[in-house]
Amino acid sequence: MDKPLLSLTAADLMSRNLVLVPQNMSLQGAARLLSRAHVSGAPVVNDEGRCVGVLSTTDFLHWVENGNTRHKPEEGVWHSWQIFEKEASPTDTVGCFMTADPVNVAAGTSIGDLAQMMLDARIHRVIVVDHNERPIGIVSSTDVLAAVARETRSKEDAHKAVVDHELAVYG
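Before going into details, it helps to say that this report is about the structure given with it. What you see is a predicted model, and the numbers here were worked out from it, not measured in a lab.

Parameters at a glance
- Residues numbered from 1 in each chain as written.
- Predicted model: local features only at pLDDT ≥ 70, side-chain atom pairs only at ≥ 80, totals over all residues.
- Heavy atoms only, no water.
- Pairing = 2+ DSSP bridges.
- Helix = DSSP H or I, 4+ residues; strand = E, 2+ residues; numbered from the N terminus.
- Contact = heavy atoms within 4.5 Å.
- Axes fitted to C-alpha atoms, helices over the stretch in contact; angles between N-to-C directions.
- Buried < 20%, exposed > 50% of the residue type's maximum accessible area, 1.4 Å probe, protein only.
- Phe/Tyr/Trp six-rings, centres within 6.5 Å; stacked < 30°, edge-to-face > 60°.
- Salt bridge = Lys/Arg side-chain N within 4 Å of Asp/Glu carboxyl O.

One open sheet holds the four strands; their spatial order is 1-2-3-4, and the pairing between them is mixed. This sheet does not close on itself; its edge strands, each paired only once, are strand 1 (21-22) and strand 4 (99-100). Relative to strand 2 (residues 41-45), strand 1 is paired through two bridges, and the arrangement is parallel. Considered in strand 2, the bridge of valine 21 is made with valine 44. Against the sheet, helix 3 (residues 57-65) touches strand 3 (51-56) and strand 4, its axis set at about 70° to strand 3.

Now the structure itself:
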């Protein structure tokens, strides 16, 4: 990237290869999807493809910490004659366990704003969406750190080149 660090935007930093998790997918299926894709979190989308949440390893940790349950079934859903195995529970969908109201940004959001949003919300990724709220990319905290590292390395290389030139000219 040839742009200066502070002029970078979400479009410059985002990963475009998205793993999208349907909100009606089982939690076990979503875990398998994320594991196979080697990602720690992904946008959750509704039937129209709009981002309605994020599912991350933190959500799985909360699930385990809370005794494998997040929401109790609504009254009237369970009857005395119905017996569900824990894995067959109708409420074990991603929509029940995801983090709702994700931090979504436009492609033109600056790197400074992205970093501040992540800090304020104490999150590690923001979802880049189009004008229809459909995910088009993800910017992670690692993407922001990589941009800072590239800028630092570039400045160090430029400084070293100047020093080397001065040593060559002036001895």
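Back to the write-up after that little detour.
Moving on to the pairing of strand 2. The element strand 2 is extensively covered by neighbouring structure, given that five of its five residues are classed as buried. Bridging between strand 2 and strand 3 involves five bridges; their strand directions are antiparallel. Pairing of alanine 42 across the sheet is with leucine 55, part of strand 3. Between strand 2 and strand 3, which pair antiparallel one after the other, the connecting turn spans five residues, and glycine 49 there sits at a positive phi close to 85°.

For the structure shown, the criterion picks out one aromatic pair. When the ring of tryptophan 63 is compared with that of phenylalanine 97, the centres are 6.4 Å apart and the planes differ by 85°; the resulting orientation is edge-to-face. Placement of tryptophan 63 in helix 3 and of phenylalanine 97 in helix 4 (residues 94-97) is noted, with a sequence separation of 34 residues between them. With relative accessibility at 3%, the residue phenylalanine 97 sits in the buried group.

Next up on the list: unusual backbone geometry. Backbone geometry at histidine 38 places phi at a positive 60°, although glycine is not the residue there. Assessed through its relative accessible area of 74%, histidine 38 is described here as exposed. The phi dihedral of arginine 122 falls on the positive side, at around 55°, and the residue is not glycine.

This part takes up the sheet that holds strand 5 (residues 104-105). Here we have three strands laid out as an open sheet, ordered 5-6-7, and mixed in their pairing. Edge positions in the sheet fall to strand 5 and strand 7 (135-140), since each has one partner strand and no second. Examined bridge by bridge, strand 5 and strand 6 (residues 125-129) share two bridges and lie parallel to one another. Within strand 6, the residue paired with valine 105 across the bridge is valine 128. Strands in contact with helix 5 (residues 111-121) are strand 5, strand 6 and strand 7; relative to strand 7, the strand with the most contacts, it is inclined by about 75°.

Moving on: the pattern of salt bridges. For the structure shown, the criterion picks out one salt bridge. The closest approach of N and O atoms between aspartate 12 and lysine 3, which form a salt bridge, is 2.8 Å. Using a relative accessible area of 25% as the deciding quantity, one classes aspartate 12 as partly exposed. You can call lysine 3 partly exposed: its relative accessible area is 37%.

Spatial relationships are all this shows, so hold off on functional conclusions.
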